[in-house]
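An overview of the molecular structure
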Amino acid sequence: MRAVDVVTEVCLASAEEAMRFSHFVQAFLSRNGFPFIMIHNAPDLTGERRRVEFEDPSISRRFAQEWRSVQPTA
């Protein structure tokens, strides 16, 4: 499996977006029975970024799909 299937990188541009991300993660965990998750700050990247990884790659893919689906279109 490619790493892109397992890790979701999220860039948070504002405090409001960080709060929305936090609420999204809480809701996602609740819908999926609280699987293990690690969220990392990625200080080597510009902006406020998070890396989201799940032990189960299928849940990682589902998280990435759902997160992308709720993002505003630019």
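Everything discussed here concerns the structure shown above.
Residues numbered from 1 in each chain as written. Predicted model: local features only at pLDDT ≥ 70, side-chain atom pairs only at ≥ 80, totals over all residues. Heavy atoms only, no water.

1. Quick notes on the environment of Arg-31
For clarity, the cut-off: Strands are runs of DSSP state E lasting at least two residues, helices are runs of H or I lasting at least four, and both sets are numbered from the N terminus onward. Only heavy atoms matter for contacts: two residues are in contact if any of them lie within 4.5 Å across the pair. Polar contact criterion, stated in full: a pair of N or O atoms within 3.5 Å, where within protein one must be able to donate a hydrogen and the other to accept it, and residues adjacent in sequence count only if both atoms are side-chain atoms.
Structurally, Arg-31 is set in helix H1 (residues 15–31). Contact partners of Arg-31, with chain neighbours within four places excluded, come to Phe-24 and Glu-66. Reaching out from Arg-31, the side chain makes a polar contact with the side chain of Glu-66 at a distance of 2.4 Å.

2. Focus: the nonpolar core
Nonpolar side chains in soluble globular proteins generally cluster together in the buried interior. Just so we agree on the cut-off: Buried residues of nine kinds, namely Ala, Val, Leu, Ile, Met, Phe, Trp, Tyr and Cys, make up a nonpolar core once their side-chain atoms join them within 4.5 Å. Under the scheme applied here, a residue whose accessible area is under 20% of the maximum for its type counts as buried, over 50% as exposed, and between as partly exposed, the area being computed with a 1.4 Å probe on protein chains only.
Residues Val-10, Leu-12, Phe-21, Phe-24, Val-25, Phe-28, Leu-29, Val-52, Phe-54, Ile-59, Phe-63 and Trp-67 constitute the largest nonpolar core, which totals 12 residues. Elements with a contribution of two residues or more to this core: strand E1 (7–12), H1, strand E3 (48–54) and helix H2 (57–69). Ranked by residues supplied to this core, first place goes to H1 with 5 residues.

3. Some thoughts on H2
For clarity, the threshold we go by: For a helix, the expected span equals 1.5 Å multiplied by the number of residues minus one. It is the directions from the helix axis to the C-beta atoms whose arc is reported.
Its 13 residues give H2 an end-to-end C-alpha distance of 18 Å, which sits within 8% of 18 Å, the value for a rise of 1.5 Å per residue. Ile-59, Ser-60, Phe-63, Ala-64 and Trp-67 are the residues of H2 that are buried. End-on view of H2: buried residues confined to an arc of 140°, all on one side of the axis. Across from the buried face of H2, at angles greater than 90 degrees, the exposed residues are Gln-65, Arg-68 and Ser-69. Looking at the buried positions of H2, the neighbouring elements they touch are E1, H1 and E3.

4. A short note on the environment of Glu-9
Looking at the element boundaries, Glu-9 is found in strand E1. Note: C-alpha distance between Glu-9 and Arg-51 (42 residues apart in sequence) is 4.5 Å.

5. Concerning the packing of aromatic side chains
Threshold: Side-chain rings of Phe, Tyr and Trp (the six-membered ring for Trp) are treated as a pair once their centres are within 6.5 Å; stacked means planes under 30 degrees apart, edge-to-face means over 60, and tilted covers the remaining angles.
The tally for this structure, following the rule as stated, stands at 7 aromatic pairs. Look at Phe-24 and Phe-28: their rings are 6.3 Å apart centre to centre, the planes differ by 25°, and that puts the pair in the stacked class. Taken together, the residues Phe-24 and Phe-28, both in helix H1 and 4 residues apart, mark about one turn of the helix. Assessed through its relative accessible area of 10%, Phe-24 is described here as buried. On the accessibility criterion, Phe-28 (0% relative accessible area) is buried.

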